[in-house]
Amino acid sequence: MDSDYRRELGTMRWKVLLCFFLTFVGDGLVDGLQKRSDDVNPLQQVVQQQSLIIQQQAAKLTALQNAFNELRVELITELRARAEKAVAFTVYSSKTMVTAVDNGIFVFDAAISNIGGGYDTQTGIFTAPFSGNYFFLLSIMVPDYNNFTQVAVEKYQTLLAVTYGNSFNGDALDTAMCHVTVHLSSGEKVWVRHNAGLPSLFGDRWTTFSGTMVHAD
């Protein structure tokens, strides 16, 4: 009887211990699994956040690329437009002496450059191909005739610039120049005219007339 009771008491003790063990160990396993499950959610959130940031940065990069391409097209278009509107010339007389014609205009029949075709070597008249600001430079050499020459850069009924050279008092082969910046509308004309004194100048590059459009409207 005592031995049976002792066996049952021992069995009950083991059962109690087993219950305590399973209770504490089981709770720990459940908590561990829950913690592992909870640890996955923050990681997923980080991945999602980084993915969203990457998408936003990619969208910004695409927008910058589109803006750059648009600016590039605008710049190329503007440069092509400027190149198409380029105007510049330098002319002189192919003769040793150049004398003003009946209307007083000096005709320079040889062109070093005539970009845009604005200067007419037959009439001596420059016609502005485009509206804009133009710069003109006239450089002359006066013959040794004990005289003086006064010439001017003009447009219709307007004196733009004037220069003077003389060969008095043994001052042979005097040189002079003048320049002017002026706005011209498309079709307006500019020329070099004899203004006073001897109506002749040295040619063959000793006297040159130049012009260029510095800015188109």
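Residues numbered from 1 in each chain as written. Predicted model: local features only at pLDDT ≥ 70, side-chain atom pairs only at ≥ 80, totals over all residues. Heavy atoms only, no water.

The subject of this paragraph is the sheet that holds strand β1 (residues 88–92). Judged by pairing direction, the sheet is antiparallel, and its five strands sit side by side in the order β3-β1-β12-β6-β9 without closing on themselves. The two strands at the open ends of the sheet, each matched to only one other strand, are β3 (110–115) and β9 (175–184). Adjacent strand axes in the sheet meet at a mean angle of 10 degrees, parallel and antiparallel pairs treated alike. (Pairing = 2+ DSSP bridges. Helix = DSSP H or I, 4+ residues; strand = E, 2+ residues; numbered from the N terminus. Axes fitted to C-alpha atoms, helices over the stretch in contact; angles between N-to-C directions.)

It is worth spelling out the pattern of salt bridges at this point. Taken as a whole and judged by the stated rule, the model has three salt bridges. In this structure, the salt-bridge partner of D109 is K95, at a minimum N-O distance of 3.4 Å. Of this pair, D109 sits in the loop between β2 (97–99) and β3 while K95 sits in the loop between β1 and β2, placing them 14 residues apart in sequence. The closest approach of N and O atoms between E154 and R193, which form a salt bridge, is 2.7 Å. Within this pair, whereas E154 is found in strand β7 (residues 148–155), its partner R193 is found in strand β10 (residues 189–197), the two being separated by 39 residues in sequence. Judged by relative accessible area, which is 13%, E154 ranks as buried. The exposure class assigned to R193 is partly exposed, which follows from its relative accessible area of 23%. (Salt bridge = Lys/Arg side-chain N within 4 Å of Asp/Glu carboxyl O. Buried < 20%, exposed > 50% of the residue type's maximum accessible area, 1.4 Å probe, protein only.)

Turning next to the environment of G203. Its place among the elements puts G203 in the loop between β11 (200–202) and β12 (208–216). Judged by relative accessible area, which is 1%, G203 ranks as buried. Put simply, G203 and K95 are 108 residues apart on the chain and 5.6 Å apart in space, counted from C-alpha to C-alpha. Once you skip the residues sitting within four places of it in the chain, G203 turns out to touch S93, K95, T96, M97 and V98. (Contact = heavy atoms within 4.5 Å.)

We now examine the pairing of β7. For β7, the buried fraction is high: six of the eight residues fall into the buried class. As judged from the eight bridges shared by β7 and strand β8 (residues 158–166), these two strands associate in the antiparallel manner. Its bridge partner being in β8, K155 is matched across the sheet by T158. Hairpin geometry of β7 and β8 is characterised by an intervening segment of two residues between the two adjacent antiparallel strands and by a positive phi of about 60 degrees at Q157. Pairing analysis gives seven bridges linking β7 to β10, with the strands arranged antiparallel. Directly across from Q150, in β10, lies its bridge partner A196.

Next up on the list: the packing of aromatic side chains. Following the criterion strictly, the structure yields 11 aromatic pairs and no others. Seen from their ring centres, F89 and F209 are 5.3 Å apart, and the 70 degrees between their planes marks the pair as edge-to-face. Placement of the pair is F89 in strand β1 and F209 in strand β12, with a sequence separation of 120 residues. The exposure classification of F89 matches that of F209, with both residues buried. Here the aromatic rings of F126 and F136 are separated by 5.6 Å at their centres, their planes lie at 70 degrees, and the arrangement is edge-to-face. Residue F126 is located in strand β5 (residues 125–127), and its partner F136 is located in strand β6 (residues 132–141); the two are separated by 10 residues in the primary sequence. Taken as a pair, F126 and F136 share a single burial class, namely buried. In this structure an aromatic cluster arises from ring pairing among F89, F108, Y119, F126, Y134, F136 and F209. (Phe/Tyr/Trp six-rings, centres within 6.5 Å; stacked < 30°, edge-to-face > 60°.)

Function cannot be inferred from these measures alone, as they are strictly geometric.
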